[in-house]
Amino acid sequence: MELEIREYCEADLPGMAEIWNAIVEQGDSFPQEERMALNRARAFFQQQTFSGVAVDETGALQGLYILHPNNVGRCAHIANASYGVRPGCRGYGVGERLVRHSLKMCARFGFRGLQFNAVVCTNRAAIHLYEKLGFTRLGVTPEGYRMKDGSFQDLWLFYKLSLIHISEPTRLLSI
């Protein structure tokens, strides 16, 4: 599948909300419990440091990601990201392309690393991908995620240094 990964535009928002909402409704990876209406999706994706989309050769949206600081102030030099792939496109490398792109964007925006705070231990595809790409598992939050069925699963934390090494204090860059 040929993919272009680029910054989102207004026309992408309905497809982005559709993908995001499908993952929320699955109830096994994103922490949100409510669907995002288009106006809320617009505000949400605009407030990120970067919101990217994966578009196939026909122009159809196949995936998305958001990138933003993991924390504020003295911890804002570490990024956090979330990824979503259209359900029918999973297993074709879309997620890997999104993660690789986000690592490049970390460097572009001056982030020193990328940390995932909440990878559900049952999300084997994500765990396999993060380990393949050289992320380090930092630890576990026991029973940190409530599944849609009400059961609890552990959350795993992952970290990877970005593609840049900054020897001076980090400053966030604009594109």
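The rules behind the values
- Residues numbered from 1 in each chain as written.
- Predicted model: local features only at pLDDT ≥ 70, side-chain atom pairs only at ≥ 80, totals over all residues.
- Heavy atoms only, no water.
- pLDDT = per-residue confidence, 0-100.
- Contact = heavy atoms within 4.5 Å.
- Phe/Tyr/Trp six-rings, centres within 6.5 Å; stacked < 30°, edge-to-face > 60°.
- Helix = DSSP H or I, 4+ residues; strand = E, 2+ residues; numbered from the N terminus.
- Buried < 20%, exposed > 50% of the residue type's maximum accessible area, 1.4 Å probe, protein only.
- Lys NZ or Arg CZ within 6 Å of the ring centre and 35° of its normal.
- Axes fitted to C-alpha atoms, helices over the stretch in contact; angles between N-to-C directions.
- Parallel < 35°, antiparallel > 145°, perpendicular 65-115°, else oblique.
- Nonpolar A, V, L, I, M, F, W, Y, C, P; charged D, E, K, R; others polar.
- Expected span 1.5 Å × (residues − 1).
- Pairing = 2+ DSSP bridges.

**Some points on the confidence of the model for the chain**
Close inspection of predicted coordinates is inappropriate for parts of the model with low pLDDT. Residue-level pLDDT values for the chain average 92, and 93% of them are 70 or greater. Note that residues 165–175 has pLDDT below 50 and, in this model, 20 contacts with residues that lie over four places away or in other chains.

**Looking at the packing of aromatic side chains**
Going through the model one piece at a time under the given rule, you end up with 14 aromatic pairs. Seen in terms of ring centroids, tyrosine 65 and tyrosine 83 are 5.9 Å apart; in terms of plane orientation they differ by 35°. Their pairing is tilted. Of this pair, tyrosine 65 sits in strand E3 (residues 61–69) while tyrosine 83 sits in strand E4 (residues 78–85), and the two are 18 residues apart along the sequence. Tyrosine 83 shares its class with tyrosine 65; the two are buried. Taking 5.9 Å as the distance between ring centres and 80° as the angle between the ring planes, the aromatic pair formed by tyrosine 83 and phenylalanine 116 counts as edge-to-face. Taken together, the residues tyrosine 83 in strand E4 and phenylalanine 116 in strand E5 (residues 113–120) connect sequence positions 33 residues apart. The residue whose ring lies beneath arginine 137 is tryptophan 156, and the NZ or CZ to ring-centre distance is 3.9 Å.

**What to know about the packing of helix H1 (residues 13–26) against helix H2 (residues 38–46)**
Contact pair H1 / H2: the axes reach a minimum separation of 10 Å and the direction vectors enclose 95°. By the angle between their directions, the pair H1 and H2 is classed as roughly perpendicular. For the pair H1 and H2, contact is made by Leu13, Pro14, Met16, Ala17 and Trp20 and by Leu38, Ala41, Arg42, Phe44 and Phe45, respectively. Broken down by class, the residue content of the contact of H1 with H2 amounts to nine nonpolar, no polar and one charged.

**Some thoughts on H1**
Here H1 is 14 residues long and its end C-alpha atoms lie 20 Å apart, about the 20 Å a rise of 1.5 Å per residue gives. Buried residues of H1: Leu13, Gly15, Met16, Ala17, Ile19, Trp20, Asn21, Ile23 and Val24, and no others. For H1, the elements touching its buried residues are H2, strand E2 (50–56), E3 and E4. Glycine 27 occupies a position one or two residues after H1 and carries a positive phi of about 70°.

**What about the environment of proline 142?**
Mapped onto the secondary structure, proline 142 falls in strand E6 (residues 136–146). Distance in space between the C-alpha atoms of proline 142 and tryptophan 156 is 8.7 Å, their sequence separation being 14 residues.

**A look at the sheet that holds E4**
Hydrogen bonds between backbone groups are what pair the strands of a sheet, and the pairing can be parallel or antiparallel. If you walk across this open sheet you meet the seven strands as E1-E2-E3-E4-E5-E7-E6, and the pairing is mixed. On the outer flanks of this sheet lie strand E1 (3–7) and E6, each paired with one strand and no other. Geometrically, the sheet is characterised by an average inter-axis angle of 25° between neighbouring strands, direction not taken into account. Relative to strand E7 (residues 152–161), E6 is paired through seven bridges, and the arrangement is antiparallel. Paired with arginine 146 across the strands is phenylalanine 152, a residue of E7.

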